[in-house]
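Coordinate inspection notes
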Amino acid sequence: MHSRAFSSSLTRPDGDFAPRHHPGPSRQCRGLRRAPRGASVVASAGVSEVFSQIADGVLAVPPTAFGALGALGLIGAALFVADPEKRRSAQTTSAGGDEKEAVKGYFNSVGFERWNKIYGTTDEISSVQMDIRKGHAVTVDKVLRWITEDGSVKGVSVCDAGCGTGSLSIPLALQGAEVYGSDISSAMADEAARRYEEQSKAEISGRQATPRFEAKDLESLTGSYHTVCCIDVLIHYPPEKMAAMVKHLASLAGDRLILSFAPSTPALLLLKRIGEFFPKGSKATRAYLHKEEAVEAALREAGWKVTKREMTSTRFYYSRLLQAAPATS
Ligand SMILES: C[S@@+](CC[C@H](N)C(=O)[O-])C[C@H]1O[C@@H](n2cnc3c(N)ncnc32)[C@H](O)[C@@H]1O
């Protein structure tokens with residue numbers, strides 16, 4: 001049970017663990033086991049990805065390597081001395097030096113396969129991925145609650161920036177919101193459209209509104225929406241680019257902006273560093289944590305104020321969620 005010792009020493013379960021849209025873990029996935037050969041073990045690609053890097057890596061390490069908690073402490077200290085920048089540079093270089101292209105390539109290939117499974121219903125995933133699925137579902141539920149608590153969303157325009165496989169876009173569209181979902185990965189955007197087709201057929205109330213999905217990066221988004229959401233995407237933006245992106249997203253929103261990001265705290269920085277110890281070449285992209293004060297400052301500079309705040313923490317998934325409104329409202 002090496003991974004359990006690992007997780008309990010470095011993460012804190014919060015018990016907030018009741019997703020509505022996803023099935024619970026299968027018997028097989030509840031048991032801890034080595035990550036299957038060929039599983040994408042250390043790709044960094046979302047808020048939760050930082051932690052899956054670590055956890056999948058730990059599951060792939062012989063149990064004896066983590067026999068004692070003391071050993072883990074020593075490893076943690078050693079990791080702080082090691083510099084992961086070399087490996088990061090190598091990853092970007094292998095994508096022609098363009099970090100955004102590296103992210104796009106990842107989410108159109110091995111990253112798509114990985115996250116399509118995590119955001120799906122298959123039981124053929126590791127216990128870590130199952131934990132990430134549940135954590136993400138909790139975040140999505142919180143966002144849906146915020147958006148729907150003021151009444152019907154029928155006709156409300158929503159931009160889901162970095163929509164992935166449509167975990168947020170689809171339930172909103174099924175309730176009648178006018179959803180535009182975009183993602184840098186065409187594989188992700190196509191899968192979101194496919195899932196909507198499939199799920200809307202099963203709806204007794206029939207189709208309310210057909211969402212539009214498109215392959216487009218965050219920088220290229222234009223238009224004006226009542227609500228803009230950007231969930232678990234900012235991990236791909238370095239801190240020096242985060243503020244500009246937050247301002248850009250705010251410029252597209254009229255009434256509400258909902259953002260989530262992996263918060264930069266000492267404990268999570270340590271976890272991230274440990275995750276970086278288990279490289280997997282081209283399967284990995286960089287992952288960035290953000291200071292909550294910095295995100296809030298960017299919102300303030302854009303003329304927005306935080307109106308709601310939430311944190312979702314599971315063993316391997318950490319996501320700070322902020323809702324903002326124009327400061328003048
Ligand atoms: C961890 S997934 C989250 C997906 C979705 N927001 C959700 O919560 O289900 C991160 C997504 O961000 C997308 N992404 C990463 N960088 C992006 C960029 N610069 N522009 C648009 N999408 C991006 C990825 O392709 C991926 O689908």
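These lines cover the structure that appears in this document, whether it is placed above or below. Nothing here was measured: the structure is a model prediction, and the numbers come from that model. (Residues numbered from 1 in each chain as written. Predicted model: local features only at pLDDT ≥ 70, side-chain atom pairs only at ≥ 80, totals over all residues.)

1. A few points about the nonpolar core
Formed by 70 residues in total, the largest nonpolar core has its most connected members in Ala-161, Val-228, Cys-229, Cys-230 and Leu-259. Among the elements that make up this core, the one with the highest residue count is helix H8 (residues 127–148) (eight residues). Shared between two domains, this core takes at least three residues from each, and those domains are domain 1 (2–126) and domain 2 (128–264 + 287–326). Once you skip the residues sitting within four places of it in the chain, Val-228 turns out to touch Cys-159, Ala-161, Leu-249, Leu-252, Ala-253 and Leu-257. (Core = buried A, V, L, I, M, F, W, Y, C linked by C-beta atoms within 7 Å. Buried ≥ 20, exposed ≤ 12 C-beta atoms within 10 Å, placed from the backbone. Helix = DSSP H or I, 4+ residues; strand = E, 2+ residues; numbered from the N terminus. Domains from an automatic or database assignment. Contact = placed C-beta atoms within 7 Å.)

2. Brief notes about the sheet that holds strand E5 (residues 253–261)
Taken together, the seven strands give an open sheet; going across it, the order is E3-E2-E1-E4-E5-E7-E6, and neighbouring strands pair in mixed fashion. Both outer strands of the open sheet, strand E3 (212–215) and strand E6 (304–313), are each paired with one neighbouring strand and no more. For this sheet, the mean inter-axis angle between neighbouring strands, taken without regard to orientation, is 15°. By the bridge criterion, four bridges tie strand E2 (residues 178–183) to E3 in an arrangement that is parallel. The partner of Gly-181 across the bridge, within E3, is Phe-213. Contacting strand E1 (157–161), strand E4 (225–230), E5 and E6, helix H11 (residues 239–252) crosses the sheet at an angle of about 145° to E5. In the packing of helix H13 (residues 292–301) onto the sheet, contacts are made with E5, E6 and strand E7 (318–326), and the angle to E6 comes to roughly 155°. (Pairing = 2+ DSSP bridges. Axes fitted to C-alpha atoms, helices over the stretch in contact; angles between N-to-C directions.)

3. Remarks on H13
Taken as a whole, H13 has its buried residues at Val-295, Ala-298 and Leu-299. Looking straight down H13, one finds its buried side chains confined to an arc of 100°; they lie on one side. Exposed residues pointing more than 90 degrees away from the buried face of H13 are listed as Glu-293 and Glu-301. Considering only its buried residues, H13 is in contact with H11, E5, E6 and E7. Count one or two residues on from H13 and you reach Gly-303, which has phi positive near 85°. (Arc of directions from axis to C-beta.)

4. Here's the deal with the pairing of E5
The element E5 is extensively covered by neighbouring structure, given that seven of its nine residues are classed as buried. Direction of pairing for E4 relative to E5: parallel, over a ladder of five bridges. Bridging across to E5, Cys-230 finds its partner in Leu-259. The parallel pair E4 and E5, bridged by H11, forms a crossover whose chirality is right-handed. Across five bridges, E5 lies against E7 in antiparallel orientation. Across the sheet, Phe-261 pairs through a bridge with Arg-320, a residue of E7. (Right-handed = clockwise from strand over helix to strand, strands pointing away.)

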